[in-house]
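# Observations on the model geometry
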Amino acid sequence: MFKKLMLAGVAASMVAAPTMASAAPQQYREIVRQGPNRTVVVQRGPGYREKTVIRHNDNRRFNARHWQRGQRFDRRYATNYRQIDYRAYRNRGVYAPPRGYQWVQSGNDAVLIALASGVIGAVIGGAIR
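Quantities reported herein were computed from a predicted structural model and do not represent experimental measurements.

### Topic: the side chain of Gln102
With respect to the helices and strands, Gln102 occurs in strand β5 (residues 101–106). Within the structure, Gln102 has its side chain in polar contact with the side chain of Gln83 (distance 3.2 Å). Apart from the residues lying within four places of it in its own chain, the contact partners of Gln102 are Tyr81, Gln83, Pro97, Val111, Leu112, Ile113 and Leu115.

### Side note on the side chain of Gln105
Counting through the fold element by element, Gln105 comes out in strand β5. At 2.6 Å, the side chain of Gln105 and the side chain of Arg82 are in polar contact. For Gln105, the side chain forms a polar contact with the main-chain oxygen of Gly107, separated by 2.9 Å. Beyond its immediate chain neighbours, meaning those up to four positions away, Gln105 contacts Thr79, Asn80, Tyr81, Arg82, Ile84 and Ile128.

Cut-off values and rules
- Residues numbered from 1 in each chain as written.
- Predicted model: local features only at pLDDT ≥ 70, side-chain atom pairs only at ≥ 80, totals over all residues.
- Heavy atoms only, no water.
- Helix = DSSP H or I, 4+ residues; strand = E, 2+ residues; numbered from the N terminus.
- Polar contact = N/O pair within 3.5 Å; in protein donor to acceptor, adjacent residues only side chain to side chain.
- Contact = heavy atoms within 4.5 Å.

This is the structure in structure tokens:
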């Protein structure tokens, strides 16, 4: 008799457990808007609404890299990266590159890099506007 009563109690508690969990207020997150530097998240539930703005740090976009001669050039950290023609910027100090080198743009700077190793040979700041 005691066993049957105990089993009935355990079965009743197992049946009642999911209904108690569903009675708790449910919250969920919904991403309302995503921008290049922020995400707006709204948390909703019964009688609950909170707006959260998450700011992201985009280093490639806002932090300019200051290149120096002898450093290894990595184009991932160069803003506005592109290969430039030295003839277009000759009046700003950009000269013809030696064999095995090329001029590239990083922000407003002209950077002379070695093609084989990626080592910086020269930096002319503010050469490109």
